[in-house]
Amino acid sequence: MSAGSFAFFMNVPTLLCLGLVLGYPVIYAAYLSVHRVGLGQLRSGVFAFNGWDNYGRVLEDPLFWVALKNTSIFTVVTVGSEIVLAVLIALLINQTSIWTSRVTRFLILLPYAIPPICNGLIWSFLYSFQFGFLNRILFSTGLINDPINWAGNPDTALYAVTVPYIWRTLPFAIILVHAALQGIPRDIYEQAAIDGANAWHRFRHITLPMLQQIIAIILILRTAFAFAVFEEILAITQGGPGDATWVAAWYSYKITFSPPNNFGMGSASAFILTLMVAAIALVYMRLIYRRVTL
Amino acid sequence: MFKTTPTIRILLHTANLTVIFFILLPLVAVFIGSIQSERALQADTRRVLPLEATLDNFTVILTKGQQRGRIFDQATYLPDNIKSFYTAFMNSAIVAGSVTGLTLLFGSLSAYTIARQRFRWTLFLLQANIVARFVPVIVLMIPLYVVMRSVGQLNSLSGVIIAETGFLLPYAILILAPYFDTIPTELEEAARIDGCTRLGAFFRIVVPLATPALAACGVIMFIISWHELLIPLILNARPDFMTLPVVIASLVGDVHVFFNLMMAICLLALAPTVVLVALLQKYIVEGLSAGAVKG
């Protein structure tokens, strides 16, 4: 068998999978998004073409813009904090002479093991106004006298749901930064120390430039995924209070799978979300393209 | 990296303790919540540690509601989904196991050719996989629901397995490809000269050498699949086919389920992947960086 046909043969399962589960649904979502599709149409199997109607209705829906605004705030807050925290904590666990750093390093991956839906529920227990664990801690340490309504206050709810998300996804960022840190040759630091550079200078002029690429990669990956946050919203606030934590994926999910089940509009809104994420993905590919040549 | 004066050491220890506190806080909360009764949680809302510890929450879940124990004595209602814990656990195990197997098999076949054969289309395939990794699940689920519904594949484990395999395959390929690239070609060439077929050389020479990468990829696939909520939530509505995350999600908003029971079922659901992460940490760390950086 020639190398070419062998390569093709080896890729048949992948091509089938990608076509069936990724390619076809994305195209079909585009199809649904320009047709009138509700439960009635699903039963009869006849979808009437309605042009840009669904997109028009999504873009005219104030709730969609609220969701988009919330998603943007959520993404900026989570990704921003994650990058700062990941660099700081990666530097911290790199201090192998400190025994507590070794403990942290051992524990750092733990949140990666927690199912997102469980994470959400655990934090809804932490945040609970009446029975919550966080208020219990603050009461018993004497920091507060009245319970705080963490996730039930429209002003703080969106920020409250960022914390569990950061908690769950931070290990990924820390691990990438930590791996990059270990790739920096030690003698650069030694040379700089001989030349009289203090710790801050070494961080600013050696560490940070060497971490630039990995930070960019984390920024893009985390932005794309934070844009599609779903589980923590479902578990903690279900979009509430009011519309304070409606995010883009939640919007598409609710429009589609709760009455009146508008599959057309749901597809249109999901497709808008996809286009935004696709733009991010293209930037990512350009960035790591040099490495893609393998 | 820098001289550690006593002041700096204290600062670093404090920073570490803060991080450790943040990591452990939700885990302590889920554990304490799971060993309390509803009455104890409501009686004193300012206590961190429970007045009494009980295993009744676990008993009621693990005996499908048969043995209610003291704290559920008076309870007239238990959600049906709590009773289907074993079914859900088995469904989760079947789905996660199958998805892991399929993504490893298909993924290594593809990743190997992408790493070895430099055709224009294999490079294109790699790029397609990089982009595919970004596709939000929600945009796939609406059309998949419509299609699965029309072909009568809603409420089946195979539908969920196919959907998750397709969704995770690009990521598996991204994790595996850089590793296959580091395996020297000489061994395969020698095997080929000795009369081995290309496929034979792949399975007999390359796959055994790639065991660490397969372990890294496999454990990550298992974890993501064990955690996946949206795909089984949308495709399976009948209790017989629910996975654990779906059962847990169904408790959200059920006014009759209190935190003690929720924390207990969460603890049972997160235990398997916590054990995996504790045992296979090294592989996961390698897999995560390979999948993100080296394309």
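Predicted model only: the values in this text are computed from it and were never measured.

Some remarks on the overall build of chain B
Then, number 1: On a plain count of helices and strands, chain B comes out with 14 helices and zero strands.
Then, number 2: Listing the helices and strands of chain B from first to last along the sequence gives α-α-α-α-α-α-α-α-α-α-α-α-α-α.
Then, number 3: With the C-alpha coordinates of chain B rotated into their principal frame, the extents come out at 75 × 70 × 35 Å.
Then, number 4: Buried positions account for 56% of the 295 residues belonging to chain B.
Then, number 5: Intrachain contacts of chain B at a sequence separation of at least 6 include 74% that bridge at least 24 residues.
Then, number 6: As displayed, chain B has an accessible area near 12,200 Å², and 64% of this comes from carbon and sulfur atoms.

Brief notes about the overall build of chain A
Then, number 1: Counting its regular elements, chain A contains 13 helices and two strands.
Then, number 2: The principal-axis extents of the C-alpha atoms in chain A amount to approximately 75 × 75 × 30 Å.
Then, number 3: A separation of at least 24 residues holds for 66% of the contacts in chain A among residues at least 6 apart in sequence.
Then, number 4: As presented, chain A carries roughly 12,400 Å² of accessible surface, and 66% of it is formed by carbon and sulfur atoms.
Then, number 5: Considering chain A, the positive charge centre built from 16 side chains and the negative charge centre built from 12 side chains are found 7 Å apart.

Side note on unusual backbone geometry
What you tend to see is this: most non-glycine residues have negative phi, and most peptide bonds are trans.
Then, number 1: Following P259 of chain A, the chain continues to P260 of chain A via a peptide bond in cis, the omega torsion being 5 degrees.
Then, number 2: Mapped onto the fold, P260 of chain A is located in the loop between α12 (248-257) and α13 (263-292).
Then, number 3: One non-glycine residue, N261 of chain A, lies in the positive phi region at around 45 degrees.
Then, number 4: Inspection of the secondary structure assignment puts N261 of chain A in the loop between α12 and α13.
Then, number 5: Here the phi dihedral of N155 of chain B falls at roughly 60 degrees; this positive angle occurs in a residue that is not glycine.
Then, number 6: Within the secondary structure layout, N155 of chain B lies in the loop between α7 (137-150) and α8 (157-182).

Observations regarding empty space enclosed by the protein
Then, number 1: All chains considered together, the criterion is met by five cavities of 30 Å³ or more.
Then, number 2: By volume, the largest cavity is sized at about 850 Å³.
Then, number 3: For the largest cavity, the lining is made up of 33 residues, of which R168 and F225 of chain A together with F167, I224 and E228 of chain B are closest to its centre.
Then, number 4: Every element with two or more residues in the lining of the largest cavity is listed here: α8 (157-182) and α10 (199-226) of chain A together with α7, α8 and α11 (211-227) of chain B.
Then, number 5: Residues that form the lining of the largest cavity fall into these classes: 26 nonpolar, two polar and five charged.
Then, number 6: Lining of the second largest cavity is provided by I89, I108, P111, W167, L170, P171 and I174 of chain A together with V19, F22 and I23 of chain B.
Then, number 7: Mapped by element, the contributors of at least two residues to the lining of the second largest cavity are α8 of chain A together with α1 (6-34) of chain B.
Then, number 8: Counting residues per element, the lining of the second largest cavity draws most heavily on α8 of chain A, at four residues.

Considering the nonpolar core
Then, number 1: By size, the foremost hydrophobic cluster in this structure holds 206 residues, and its most contacted members are I61, F180, I284 and L288 of chain B.
Then, number 2: Split by domain, this core shows at least three residues from each of two domains, domain 1 (6-80) and domain 2 (84-293) of chain B.
Then, number 3: Beyond its immediate stretch of four places on either side in the chain, L288 of chain B contacts L109, Y112, F172, I175 and L176 of chain A together with Y171 and I220 of chain B.

What to know about the side chain of T103 of chain B
All names here are of chain B.
Then, number 1: Position of T103 among the secondary structure elements: in helix α5 (residues 85-116).
Then, number 2: Exposure remark for T103: the relative accessible area of 0% places this residue in the buried category.
Then, number 3: Engagement of the side chain of T103 in a polar contact is seen with the backbone oxygen of V99, the distance being 2.6 Å.
Then, number 4: T103 has contacts with S108, T165, L168, L169, A172 and M221, leaving out every residue within four places of it along the chain.

Structural notes on the confidence of the model for chain B
Then, number 1: This prediction gives chain B a mean pLDDT of 87; 97% of its residues lie at or above 70.
Then, number 2: The spread of mean pLDDT over the elements of chain B runs between helix α4 (residues 80-83) of chain B, the lowest at 78, and α11 of chain B, the highest at 95.

Looking at the packing of α5 of chain B against α8 of chain B
Residue and element names in this part refer to chain B.
Then, number 1: Viewed as axis vectors pointing N to C, α5 and α8 meet at an angle of 40 degrees, and their least axial separation amounts to 6 Å. Compared by their axis directions, α5 and α8 come out oblique. Handedness of the crossing formed by α5 with α8: right-handed.
Then, number 2: Of the residues in the contact of α5 with α8, the class split is 20 nonpolar, seven polar and three charged.

Structural notes on the environment of G40 of chain A
Residues and elements named next belong to chain A.
Then, number 1: Secondary-structure assignment places G40 in helix α2 (residues 39-44).
Then, number 2: Under the relative-accessibility criterion, G40 is labelled partly exposed at 41%.
Then, number 3: In this structure the C-alpha to C-alpha distance between G40 and N261, which are 221 residues apart in sequence, comes to 9.6 Å.

Remarks on α11 of chain B
Then, number 1: For α11 of chain B, which comprises 17 residues, the first-to-last C-alpha distance of 24 Å matches the rise-based estimate of 24 Å (1.5 Å per residue) to within 8%.
Then, number 2: Most of α11 of chain B sits inside the fold, with twelve of its 17 residues counted as buried.
Then, number 3: What α11 of chain B keeps buried is the set A213, L214, A216, C217, G218, V219, I220, M221, I223, S225, W226 and H227 of chain B.
Then, number 4: Buried residues belonging to α11 of chain B abut α6 (116-127) of chain A together with α5, α8, α10 (198-209), α13 (244-251) and α14 (259-293) of chain B.

Description of the interface of chain B and chain A
Then, number 1: The interface of chain B with chain A comprises 107 residues on the first partner and 111 residues on the second.
Then, number 2: For the chain B and chain A pair, buried surface summed over both sides reaches about 10,000 Å², with 79% attributable to carbon and sulfur atoms.
Then, number 3: Summed over the shared surface of chain B and chain A, the result is zero salt bridges.
Then, number 4: The interface formed by chain B and chain A includes 14 residue pairs in polar contact (both at pLDDT 80 or more).
Then, number 5: Among the elements that line the side of chain B that touches chain A, the one with the most residues is α1 of chain B, at 18 residues.
Then, number 6: In the side of chain B that touches chain A, the residues fall into 79 nonpolar, 18 polar and ten charged.

Focus on the side chain of T162 of chain A
Residues and elements named next belong to chain A.
Then, number 1: Tracing the sequence through the fold places T162 in helix α8.
Then, number 2: Looking at T162, the relative accessible area reads 4%, which means it is buried.
Then, number 3: Here Y159 takes part through its backbone oxygen, which lies 2.5 Å from a polar atom of the side chain of T162.
Then, number 4: Residue contacts for T162: discarding those within four places in its chain leaves F74, V77 and T78.

Criteria and thresholds
Residues numbered from 1 in each chain as written. Chains lettered and ligands numbered in written order. Predicted model: local features only at pLDDT ≥ 70, side-chain atom pairs only at ≥ 80, totals over all residues. Heavy atoms only, no water. Helix = DSSP H or I, 4+ residues; strand = E, 2+ residues; numbered from the N terminus. Buried < 20%, exposed > 50% of the residue type's maximum accessible area, 1.4 Å probe, protein only. Contact = heavy atoms within 4.5 Å. Areas by Shrake-Rupley, 256 points an atom, 1.4 Å probe, with all protein chains shown as cover. Lys, Arg positive; Asp, Glu negative; His and termini not counted. Charge placed at Lys NZ, Arg CZ, Asp CG, Glu CD. 1 Å grid on protein atoms, 1.4 Å probe; cavity = no way out; pocket = protein on both sides within 12 Å on 5 of 7 lines; lining within 4 Å. Points joined across faces, edges and corners; volume = space filled by probe spheres on them. Nonpolar A, V, L, I, M, F, W, Y, C, P; charged D, E, K, R; others polar. Core = buried A, V, L, I, M, F, W, Y, C linked by side-chain atoms within 4.5 Å. Domains from an automatic or database assignment. Polar contact = N/O pair within 3.5 Å; in protein donor to acceptor, adjacent residues only side chain to side chain. pLDDT = per-residue confidence, 0-100. Axes fitted to C-alpha atoms, helices over the stretch in contact; angles between N-to-C directions. Parallel < 35°, antiparallel > 145°, perpendicular 65-115°, else oblique. Left-handed = near helix turned anticlockwise from the far one by under 90°. Expected span 1.5 Å × (residues − 1). Buried area = accessible area lost by both parts, 1.4 Å probe. Salt bridge = Lys/Arg side-chain N within 4 Å of Asp/Glu carboxyl O.

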